Amino acid sequence: MKFASKLAFLALIYAHKTSVAECVKHFGRSPKLLVSIASILVLISIDRVCAQTDPAKLTAAKQEVRAAIDAAITAGDLPGAVVGFWHNGQWLVRDVYGDRALDNGREAMTLDTIFDMASITKPVSTATSIAILAERGKVDIDAPVKTYIPEFTGDGRDAVLVKHLLRHTAGLIPDNAIQDYQSGIENAWKNLYAVKMQSTPGTKFVYSDVCFQLLGKVVENASGQPLNEFAKANIFEPLGMKDSGYVPAETLRQRIAPTEPRDGVMLRGIVHDPRAALMGGVAGHAGLFSTLDDIARYAHMMLGGGTLEGVQIMQPETVLKLTAPHKVETRADFGVISRTNGFDHHSSYSYNSGDVLSTAAFGHGGFTGTVLWIDPARNCFFVFLSNRLHPDGKGNVNRLAGKVAKMIVETCLPALPTRDPLAPVMMGVDVLRESNYRCLNGKRVGLVSNHTGRTSDGISTAQLLRRAEGVKLVALFSPEHGFEGLLDQAGIGDSTADELPIYSLYGKTRRPTAEQLAQVDCLVYDIQDIGCRFYTYISTMKECMLAAAEHGKQLIILDRPNPIGGVVVAGSMVDPGRESFVACHNLPVQHGMTVGELAVLFRKELGLKLDLQVVPVRHWEREQTLDQTGQDWVDPSPNMRSLLAARLYPGIGLLETTNISVGRGTDRPFEWIGAPWIDGRQLATWLNEQNIPGLRCIPRTVTPNSSKYEKEACHGVQFVVTDVNAVEPLVLGLTLATGLRKFYPEQWKAAAADTLLVNAKLRDAIVAGTGLKDLQVIFAADLEDFKRRRAAVLLY
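First, a word on scope: everything that follows refers to the structure included in this document. Positions within a chain are numbered from 1, following the residues in the order the chain's sequence is written. Residue-level local features of this predicted model are given only where pLDDT is at least 70; pairs of side-chain atoms are given and counted only at 80 or more, and the full residue set underlies all totals for whole chains, interfaces and linings. Only hydrogens and water are set aside when side-chain values are computed; all heavy atoms of the structure are taken into account.

With that settled, the discussion passes to the sheet that holds strand β22 (residues 612-615). Strand pairing is assigned whenever DSSP detects at least two bridges linking the two strands. Strands are runs of DSSP state E lasting at least 2 residues, helices are runs of H or I lasting at least 4, and numbering of each runs from the N terminus. Strand order in the open sheet formed by seven strands is β18-β19-β17-β16-β20-β21-β22, and the pairing between neighbours is mixed. What marks the edges here is a single partner per strand, and that holds for β18 (495-497) and β22. Sheet twist, expressed as the average angle between the axes of neighbouring strands with direction ignored, equals 30 degrees. Contacts from helix α16 (residues 537-551) reach β16 (443-449), β20 (522-526), β21 (554-558) and β22 within the one sheet, and its direction differs from that of β20 by about 170 degrees. Contact between two residues is taken to exist if any of their heavy atoms lie within 4.5 Å; hydrogens are not considered. Axes, fitted as lines to C-alpha atoms, cover a helix only where it is in contact. Angles between the N-to-C directions of the axes lie from 0 to 180 degrees. Strand contacts of helix α17 (residues 595-606): β20, β21 and β22, with the helix running at about 160 degrees to β22, the strand carrying the most contacts.

Here we come to the sheet that holds strand β25 (residues 714-721). Read from one edge to the other, the open sheet built from three strands follows the order β23-β25-β24, with strand pairing classed as antiparallel. A single partner strand is all that each edge strand has here, and the edge strands are β23 (672-675) and β24 (695-702). Sheet twist, expressed as the average angle between the axes of neighbouring strands with direction ignored, equals 20 degrees. Judged from the eight bridges that link them, β24 and β25 form a sheet pairing that is antiparallel. In the sheet register, proline 699 faces β25, and the bridge partner there is valine 717. Against the sheet, helix α19 (residues 680-689) contacts β23, β24 and β25, and its axis sits at roughly 175 degrees relative to β24.

Attention now goes to unusual backbone geometry. With omega at 0 degrees, the peptide bond leading from histidine 390 into proline 391 counts as cis. Relative to the helices and strands, proline 391 is located in the loop between β15 (380-386) and α13 (398-412). For asparagine 88, which is not glycine, the phi torsion reads 50 degrees and is therefore positive. Residue position: asparagine 88 is located in the loop between β1 (80-87) and β2 (90-101).

For the rest of this paragraph, the subject is the packing of aromatic side chains. Each pair of aromatic rings is reported with the distance of its centres and the angle of its planes. Pairing of aromatic rings covers Phe, Tyr and Trp, the last counted by its six-membered ring, and requires centre-to-centre distances within 6.5 Å; plane angles under 30 degrees mean stacked, over 60 mean edge-to-face, and any other angle means tilted. Using the criterion set out here, one finds 16 aromatic pairs in the structure. For the pair phenylalanine 343 and phenylalanine 362, a centre-to-centre distance of 4.8 Å together with 65 degrees between the ring planes defines the contact as edge-to-face. Placement of phenylalanine 343 in the loop between β11 (335-339) and β12 (344-346) and of phenylalanine 362 in strand β13 (residues 362-366) is noted, with a sequence separation of 19 residues between them. Ring geometry for tyrosine 535 and tyrosine 649: centres 5.7 Å apart, planes at 80 degrees, overall edge-to-face. With tyrosine 535 in the loop between β20 and α16 and tyrosine 649 in helix α18 (residues 643-652), the pair connects residues that are 114 residues apart, well separated along the chain. Note on exposure labels: buried denotes an accessible area under 20% of the residue type's maximum, exposed denotes more than 50%, and partly exposed covers the range between, all computed with a 1.4 Å probe on protein chains only. By relative accessible area, which is 6% here, tyrosine 535 ends up buried. With a relative accessible area of 4%, tyrosine 649 lands in the buried category. Through a chain of ring-to-ring contacts, the aromatic side chains of Phe534, Tyr535, Tyr537, Tyr649 and Phe670 assemble into a single cluster. A positively charged side chain is recorded as over a ring if its NZ (Lys) or CZ (Arg) lies within 6 Å of the ring centre. The angle to the ring normal must also be within 35 degrees. The side chain of arginine 510 reaches across the aromatic face of phenylalanine 581, ending 4.3 Å from its centre. Between the NZ or CZ atom of lysine 542 and the centre of the ring of phenylalanine 602, over which it lies, the distance is 5.8 Å.

In structure tokens:
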């Protein structure tokens, strides 16, 4: 088909709303052609969005913005600005206002004006560099800072972790004295390493330039490159941010917006921050220069899950780690303060966002008059760039920037859902604490939990109940992997902790015994599930329900969100009569329920006479995954090391009882599969041809250091997620099964998958080489029936 004909066919697709997948299928898979198709589809997308935007409202918003900025210019708050607001494929605002220079002749502001970004350096350059290094295994944000800066030790500094620096909770002062920098860079670093601690790390939020100065050194020491060189090579150049960097060249000087005089000379191309200037213009907290279009490219990359125009600088999960909010402090005069690992989220500094973005938004401001906010939930970003200090150091724009954002959002964007956009998702244990433990008052409690049982601010449920007035904690019960979640063995014995017995429910018994429950009035269950049938924590819960019903004990479930979301339901059901510890009930592989909802379902369908109470989560919406709740990720078991692994687990874990490695004993469990007899290139190529939603596959050879194929080179496939929200783990797992059967009918022991499939018809179909669509038909009717059963017990 000639290209013109293909364009005509594409026009028909657009007109008749034929799917993109069908378009690709029709056109073939020529890379050059697919790029052309993608470009056209982007234009179509933009055209559709523009068509949906009310031109009158957009015009009104632009006029309102211009009037507000012009008034501020007249008042002397700033000489000029460049403002951009992008939403769903189009620029709602992309304009210039006033002048960039007033001294030595007026210069009009231009779209390509280069600004001193000040503290926007922190997230865009420094925190992003840390995130990239963490993805590469060169930085662990949970490690002490002294791991990367050995000189940063003593006097309480050993307890400061990298994540404390990222979140401004390190217990350090905002800035050290300028005199500390006036004897050369080497002495300046010595002085920074000796900065005194003001509070216990991780307990208080104090916005601190010192934190990010130290992070700049972490980047340098971990990468072997100065921060400016690392950021240039790994962020700016790959993303095409051609005007971004530190210590701008003299050739760019004319386009740079000046700030204010220092020692009688107007600063232009020299970083305004005096400490960064004395460090040679390169620092973790300031020093970056950039433009609207360059910052827009960065924002597009963040909205794209780490990828821009086919160039990936971070994995999607790395972006999530960088931007997920963390509660850092609660203050009586403000409420919950939350920061991400580098960005602001909700603090006294975030009013420059206009307080109109979603709870998923993250951003930052800069002292020189710069603002950046990115909102993945609303698919938009806001950039306000000014040199508000020019010419006399007296300007002020933070409230103006927030006002401008609010004007655009309220005029042009759909309204947010009608609930407090800043209300945090509360775990059941948080709600229990808020209620002053009313349902446990006067009772002897047996707690079924592990290391995942904790409040939103990190206090273990066991500690909480030990301290709770009117509650007597008398026993602990642990599931698979033990109370600390560190054990990975077939049987786990009983133990003690702080004079309390810990009864293992993954050893001699998997159900609490009459003897163990003799001194217990009420069992409390608080464990984070991951939303997959064969993850055994829900089996432990069911066994506790049966024991409580048998012995007349109350059972209270402290509910938690389903970390992979509460909407998607997928996979085969359990054959009648074949229930086991890895298939404890007639559920699909991915059930889309919380543990509280499952408990209600179990009680109903088993006909249990059980005093069951679910303490619900608050402010959770079913479509939210863990990264959208504001909660920390805690590895629920030794090999479940990330939310991405949990997302893939229902599909990849489904096959682990066969003779392939699913990554146990490697650095990425459930994100890679392999075996000595697999041809990784062959399998990866075929899997990519299947267009599995949300991911691509690359061949990778790994030698597991434990578990299956220990010390043996395994050739296989690494799963690279391109759109985490599009990933369908069961489609991935079943497609992988069909590929293994197709290419390795003798080597792959397909029938062994039945241990976790627990569905003979599906097992036989896989062994017979049945294709994906026909496999899905096998359990489609049962899945619809389950959805009806499930709908009756959903709590949220």
